[in-house]
Every structure is written in C-alpha cells, then in structure tokens.
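Structural characterization, general
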Amino acid sequence: MKKEKIRNLIDIKDFSVKEIDELIKVANDIITNREKYSHKCDGKILATLFFEPSTRTRLSFESAMLRLGGKVLGFSEAGSSSTAKGETLGDTIETVSGYADIIAMRHPKEGAPVVASKRASVPIINAGDGGHNHPTQTLTDLLTISREKKRLNNLTIGLCGDLKFGRTIHSIISAMSRYDNIKFILISPDELKLPDYTITEVLEKNNIEYVETNNLEEYMSDLDILYMTRVQKERFFNEADYLRLKDYYILDRKKLDNAKKDLCIMHPLPRVSEINPDVDDDPRAKYFTQAHNGVYIRMALILKLLEVK
Ligand code: CP
C-alpha cells in the first residue's frame with residue numbers, strides 16, 4: 001500500500017458525516033449479527049501503544065480486534081517501552097509499523113498522533129492526545145446517542161465539568177456541530193470554560209447556538225443529553241486548584257427532579273465524584289452502556305481503516 005493512501009483517525013473531522021453515519025450503521029449490524037464478523041480480521045494484528053493510563057479505550061480496542069478474529073500486542077505505559085530509554089515517538093512508531101497492521105495510540109502530548117502518522121506505514125488511530133482530542137470516544141458517544149435518541153439532530157446537549165482540558169468534550173463538540181439544530185449548554189466553573197478557539201472556530205463559525213453557565217440545574221429541564229465529565233487532574237499544574245474544583249459538580253438523583261423523562265445521561269468514564277452512584281439505577285443513566293458500545297464502534301472503525309469489506 002502506498003503511504004499516501006493510508007487513512008488515519010487523528011481528529012473526528014478526518015471522517016465526513018456520511019462516513020460516521022456508515023460506521024454507526026456497521027456497529028449496529030455488529031451488535032445484532034456478531035458471528036458474521038468473528039473472522040473478518042483473521043491474520044491481522046492491532047498494536048495498542050498507550051503512553052498514558054486507560055481502561056476503556058485500550059481494552060475495548062483489544063476486545064474489538066479479538067472479536068474480529070485478529071490479534072493484539074502493545075504496551076499500557078510508557079515506562080515499559082523503550083520510551084523510558086529515550087527512544088523518540090517516531091522511531092517507536094516506525095518500528096511497530098513492521099509488527100502490526102494498525103496502531104491505536106494514546107499520548108499525553110497534544111499532536112503526538114500527527115507526528116506518529118508521518119512515520120507510520122500503517123493506519124494510526126488517536127486514542128486520546130493530551131487535553132486535545134479523543135475521536136474514538138466521540139464515535140462511541142455518537143453511536144450511543146443515535147441508539148438512545150434515534151437521531152443525531154435536533155438535540156439540546158448539556159456538557160458539564162472540565163470543558164477546558166476534557167478532550168472528549170472538544171471532540172464531541174466538533175462532531176455534533178455538523179448535525180442540524182444542535183444546541184449546547186456549556187456548564188463549567190469559570191476556570192474550566194471551553195477554550196476560546198473552540199467557541200470561535202467551531203461554535204460561532206458554524207452558527208451553533210450555545211449558552212455558558214456555571215449552574216448545573218439551571219437548564220436541566222431543557223436537556224436531551226447530559227454529558228458529565230471528570231475534572232482532569234493530570235492536566236493541572238497546581239494541585240490546590242484541582243482540589244478546589246474537583247467536586248464543583250456532583251450529579252445526584254435530586255438534581256434530576258426537573259429533567260426530561262427521556263434524558264440520556266452520559267459520561268466517558270472514568271468517573272470520580274461527579275456522578276453520585278445513586279444515579280446509576282436511574283434508567284436514564286447510560287454511561288455503562290456507552291462504555292460497552294465502544295467495542296462495537298471500534299470494531300467498525302478497524303474494519304474501515306483496514307479496508308475489510
Ligand atoms: N473514556 C476513556 O477514554 O476511558 P479510559 O481513560 O479508561 O480509556
């Protein structure tokens with residue numbers, strides 16, 4: 001395969017809306033016809049190179065490849081790779097390109113997957129780069145929204161918590177801004193507001209309606225989706241700031257009193273304290289369904305990038 005023909009997923013915008021809708025269709029077919037897909041990747045190898053901790057993204061990628069009949073290799077922390085001896089990311093990627101057919105990588109540095117894609121001879125999937133983007137979480141989110149709400153348009157979406165460092169937030173805004181009649185309620189403390197460039201370059205440029213507030217309950221009754229996020233401890237320079245902000249929002253049953261009966265409560269997980277466990281039994285809580293959906297959309301993604309029909 002010629003290098004310029006390789007498709008990567010670095011940013012959710014690398015895929016058109018049509019391609020995303022097609023991935024969702026394939027993921028839904030996988031959910032109902034699992035057996036049909038169990039040998040689609042026989043003989044193929046996925047490398048998971050995780051320079052940052054993960055439970056869901058790494059394991060759901062590995063589960064996805066195993067469920068497609070393929071095999072997996074990789075590492076789950078930089079310290080167990082030759083990065084610890086000073087190897088550059090580019091050298092690691094060029095090496096692993098000879099060991100695997102596709103690479104999913106997570107890295108603490110924003111832009112690292114772009115650097116990797118320049119040295120790779122196999123598709124690169126961004127499994128999260130610093131506080132920047134997390135496109136496969138967004139694919140998971142879109143599959144979940146489309147299954148729960150039966151649509152990806154005409155939605156009022158509350159995004160709550162760490163909108164500054166939350167990479168899942170940046171990616172979902174970018175993705176949902178391409179669907180019709182989406183309104184965002186941006187709920188955060190002042191210190192963790194959505195970056196200005198996302199407001200101007202994504203929301204305002206695309207004439208997307210949005211409201212900023214620091215009150216979780218103010219717009220609760222308007223929401224179709226409430227997407228909670230963790231305050232990203234690992235991105236703070238100052239522990240005192242983290243400690244001050246980490247419990248700013250705690251969603252509990254009481255706060256849902258005025259919410260719609262068909263509200264869809266989401267969270268990319270892991271959660272710390274921002275959703276009280278008393279919400280877990282509420283039928284509107286979809287965050288574990290969301291985590292499980294990650295396997296199916298990643299199966300669809302692997303098939304697409306490996307050009308398996
Ligand atoms: N949602 C998510 O990225 O979870 P992990 O950090 O466990 O992969």
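Along each chain, residue indices are assigned from 1 in the same order as the chain's sequence is written. Predicted model: local features are reported for residues with pLDDT of at least 70 only, side-chain atom pairs are reported and counted for 80 or more only, and whole-chain, interface and lining totals are derived from all residues. The side-chain quantities take in all heavy atoms of the structure and omit both hydrogens and water.

**Looking at the side chain of T198**
- Within the fold, T198 resides in helix α7 (residues 196-204).
- It only takes one pair of heavy atoms within 4.5 Å for two residues to be counted as in contact. If sequence neighbours within four positions are ignored, T198 has contacts with I173 and L203. To qualify as a helix, a DSSP run of H or I must reach at least 4 residues; to qualify as a strand, a run of E must reach at least 2; elements of each kind are numbered from the N terminus.

**Structural notes on the sheet that holds strand β8 (residues 225-228)**
- We call two strands paired when DSSP finds no fewer than two bridges between them. Here five strands make up an open sheet; going across it, the order is β7-β6-β5-β8-β9 and the pairing parallel. Since the sheet does not close on itself, it has two edges, and those belong to β7 (209-213) and β9 (264-266), each with one partner. For this sheet the average axis-to-axis angle between neighbouring strands, irrespective of direction, equals 15°.
- Pairing geometry for strand β5 (residues 155-160) and strand β6 (residues 182-187), over six bridges, is parallel. Its bridge partner being in β6, T156 is matched across the sheet by K183.
- Packed onto the sheet, helix α5 (residues 135-149) meets β5, β8 and β9 and runs at close to 165° relative to β9. Axis definition: a line fitted to C-alpha atoms, limited for helices to the stretch in contact. Angles are taken between N-to-C directions and run from 0 to 180 degrees.

**Some details on the site of the ligand**
- Being near a molecule or strand, for a residue, comes down to having at least one heavy atom within 4 Å of it. Around the ligand, a shell composed of S54, T55, R56, T57, R106, H134, Q137, P268 and L269 is seen.
- Two N or O atoms count as a polar contact when they lie within 3.5 Å, although within protein this holds only if one can serve as hydrogen donor and the other as acceptor, and sequence-adjacent residues are included solely when both atoms are side-chain atoms. In the environment of the ligand, a nitrogen atom lies 2.9 Å from a nitrogen or oxygen atom belonging to the backbone of L269.
- When the free accessible area of the ligand is taken as 260 Å², the share hidden by the protein chains comes to 91%.
- Both domains that furnish three or more residues to the shell around the ligand are identified here as domain 1 (12-134 + 294-305) and domain 2 (135-291). All accessible areas in this document rest on Shrake-Rupley with a 1.4 Å probe, and a residue is counted as covered only by the protein chains that are shown. The source of the domain bounds is an automatic or database domain assignment.

**Quick word on empty space enclosed by the protein**
- Only protein atoms enter the calculation, which uses a 1 Å grid: trapped sets of points that fit a 1.4 Å probe without letting it out are cavities, open sets showing protein on both sides within 12 Å along at least five of seven lines are pockets, and any residue with an atom within 4 Å of a point is a lining residue. Grid points are joined across faces, edges and corners, and a volume is the space filled by probe spheres set on the points. Enumeration over the complete set of coordinates arrives at two cavities of 30 Å³ or more.
- Considered as a void within the structure, the largest cavity measures approximately 60 Å³ in volume.
- R56, S60, Q137, T140, H267, P268, Q290, A291, G294 and R298 are the residues that line the largest cavity.
- Where the lining of the largest cavity is concerned, the elements lending two or more residues are α2 (56-67), α5 and α9 (287-305).
- Tallying contributions element by element places α9 first for the lining of the largest cavity, with four residues.
- Of the residues contributing to the lining of the largest cavity, the split by class is two nonpolar, six polar and two charged.
- If you count residues domain by domain, the lining of the largest cavity takes at least three from each of domain 1 (12-134 + 294-305) and domain 2 (135-291).
- Contributing to the lining of the second largest cavity are G161, T229, V231, K246, Y248, Y249 and E274.
- Here the term charged refers only to Asp, Glu, Lys and Arg, the term nonpolar to Ala, Val, Leu, Ile, Met, Phe, Trp, Tyr, Cys and Pro, and the term polar to all other amino acids, Gly among them. When grouped by side-chain class, the residues that make up the lining of the second largest cavity number three nonpolar, two polar and two charged.

**Some thoughts on the pairing of β8**
- Here β8 shows no split at all, with I225 and Y227 on one side and L226 and M228 on the other all buried.
- In terms of strand pairing, β5 meets β8 through four bridges, oriented parallel. Directly across from L159, in β8, lies its bridge partner Y227.
- Pairing geometry for β8 and β9, over three bridges, is parallel. If you follow I225 over to β9, its bridge partner there is C264. Whether a residue is buried, partly exposed or exposed follows from its accessible area with a 1.4 Å probe, protein chains only, as a fraction of its type maximum: under 20%, in between, or over 50%, in that order.

**Concerning the packing of aromatic side chains**
- Only rings of Phe, Tyr and Trp enter the pairing, Trp through its six-membered ring, and a pair is recorded when the two centres are within 6.5 Å. The plane angle decides the type: under 30 degrees is stacked, over 60 is edge-to-face, the rest tilted. Across all of its chains, the model carries three aromatic pairs by this definition.
- The positively charged end of R298 is found above the aromatic ring belonging to F61, 5.1 Å away from the centroid.
- Working rule: Lys NZ or Arg CZ, within 6 Å of ring centre, within 35 degrees of ring normal, means a charge sits over the ring. Just above the ring of F15 sits the side chain of K304; from NZ or CZ to the centre is 5.3 Å.

**Thoughts on the environment of E204**
- Tracing the backbone through its elements, the reader meets E204 in helix α7.
- Accessibility expressed as a relative area gives 39% for E204, which makes it partly exposed.
- Placed 74 residues apart in sequence, E204 and G130 show a C-alpha to C-alpha distance of 24 Å.
- Discounting residues that sit within four places of it in the chain, E204 has contacts with I199 and Y210.
- A distance of 2.6 Å separates polar atoms of two side chains, one belonging to E204 and the other to Y210.

**Some points on the pattern of salt bridges**
- The rule for a salt bridge is simple: a side-chain nitrogen of Lys or Arg has to be within 4 Å of a carboxyl oxygen of Asp or Glu. For the coordinates displayed, the defined rule picks out 23 salt bridges.
- Ionic pairing is found between R271 and D280, a salt bridge with its closest N-O pair at 2.7 Å.
- With a relative accessible area of 24%, R271 lands in the partly exposed category.
- With relative accessibility at 27%, the residue D280 sits in the partly exposed group.
- In the salt-bridge network here, residues are joined through shared partners; they are R7, E19 and K304.

**Some words on the domain arrangement of the chain**
- Domain assignment breaks the chain into domain 1 (12-134 + 294-305) and domain 2 (135-291).
- Placing the centre of domain 1 and that of domain 2 at their C-alpha centroids yields a distance of 24 Å.
- On the side of domain 2, 27 residues touch domain 1, which itself brings 34 residues to the contact.
- Buried area, as used here, totals the accessible surface that two parts lose on assembly, with accessibility defined by a 1.4 Å probe and the loss added over both. Taken over both partners, the interface formed by domain 1 and domain 2 buries close to 2500 Å², and the fraction arising from carbon and sulfur atoms is 57%.
- Looking at the side of domain 1 facing domain 2, the largest losses of area belong to I12, R56 and H134, adding up to 30% of the total buried there.
- Across the domain 1-domain 2 interface, the total number found is one salt bridge.
- Counting residues per element, the ones that place at least two in the side of domain 1 that touches domain 2 are α1 (17-32), α2, β3 (102-107), β4 (124-129) and α9.
- Considering each element in turn, the side of domain 1 that touches domain 2 owes the most residues, eight residues, to α1.

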